[in-house]
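Chain by chain, the residues run as shown.
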Amino acid sequence: ITLILMQRSGIDINQPLMYAQRQKDRLESIFDYLTPLLKEAPFNSWTFHTMSLYALLDWGTFRNIFSLEHRPELKAFMDKHAQHPSVQSTQIPRT
């Protein structure tokens, strides 16, 4: 959320700014933590955990806050659940 607020305030978060980089590093740390957990029960079916993670990843990529380009496990998670009826019925319109 901090990164999107910075962007909306006119701050280029892709510049070498210490605070923005710290937020990006925090995201990477969270992704590092979550990646091995994707194989565990809470993320194998459509649960609150799955919905929450899907929403975060979808929102962050849609807003160009982060990319899953170098996160194949997270990309696979997104692909696996993209056709779920709840995702389809609430999908962010993409143009």
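Residues numbered from 1 in each chain as written. Predicted model: local features only at pLDDT ≥ 70, side-chain atom pairs only at ≥ 80, totals over all residues. Heavy atoms only, no water.

A. Region of the structure containing helix α3 (residues 48–62). Its 15 residues give α3 an end-to-end C-alpha distance of 21 Å, which sits within 8% of 21 Å, the value for a rise of 1.5 Å per residue. Those residues of α3 not exposed but buried are Thr50, Leu53, Tyr54, Leu57, Asp58 and Gly60. Directly after α3, the chain includes Asn64, whose backbone phi takes a positive value near 60°. (Helix = DSSP H or I, 4+ residues; strand = E, 2+ residues; numbered from the N terminus. Expected span 1.5 Å × (residues − 1). Buried < 20%, exposed > 50% of the residue type's maximum accessible area, 1.4 Å probe, protein only.)

B. Structural detail: the packing of aromatic side chains. Scanning the model with the defined rule gives three aromatic pairs in all. Both rings, one in Phe31 and one in Phe66, keep their centres 5.1 Å apart while their planes meet at 75°; by these two values the pair is edge-to-face. Taken together, the positions of Phe31 in helix α2 (residues 18–37) and Phe66 in the loop between α3 and α4 (72–81) put the pair 35 residues apart, joining distant regions of the chain. Taken as a pair, Phe31 and Phe66 share a single burial class, namely buried. (Phe/Tyr/Trp six-rings, centres within 6.5 Å; stacked < 30°, edge-to-face > 60°.)

C. View of α4. When α4 is considered as a whole, its buried residues turn out to be Leu74, Phe77, Met78 and His81. In an axial view of α4, the angular spread of the buried residues amounts to 95°, which keeps them on one side of the axis. In α4, the exposed positions that point more than 90 degrees away from the buried face belong to Pro72 and Lys80. Packing partners of the buried residues in α4 comprise α2, α3 and α5 (85–90). (Arc of directions from axis to C-beta. Contact = heavy atoms within 4.5 Å.)

D. The side chain of Gln23, seen in detail. Mapped onto the fold, Gln23 is located in helix α2. Aside from chain neighbours lying at most four places away, what touches Gln23 is Thr2 and Leu3.

E. Focus on the pattern of salt bridges. All chains considered together, the criterion is met by three salt bridges. For Arg71, the salt bridge is made with Glu28, and the minimal N-O distance between the two is 2.5 Å. Residue Arg71 is located in the loop between α3 and α4, and its partner Glu28 is located in helix α2; the two are separated by 43 residues in the primary sequence. With a relative accessible area of 11%, Arg71 lands in the buried category. (Salt bridge = Lys/Arg side-chain N within 4 Å of Asp/Glu carboxyl O.)

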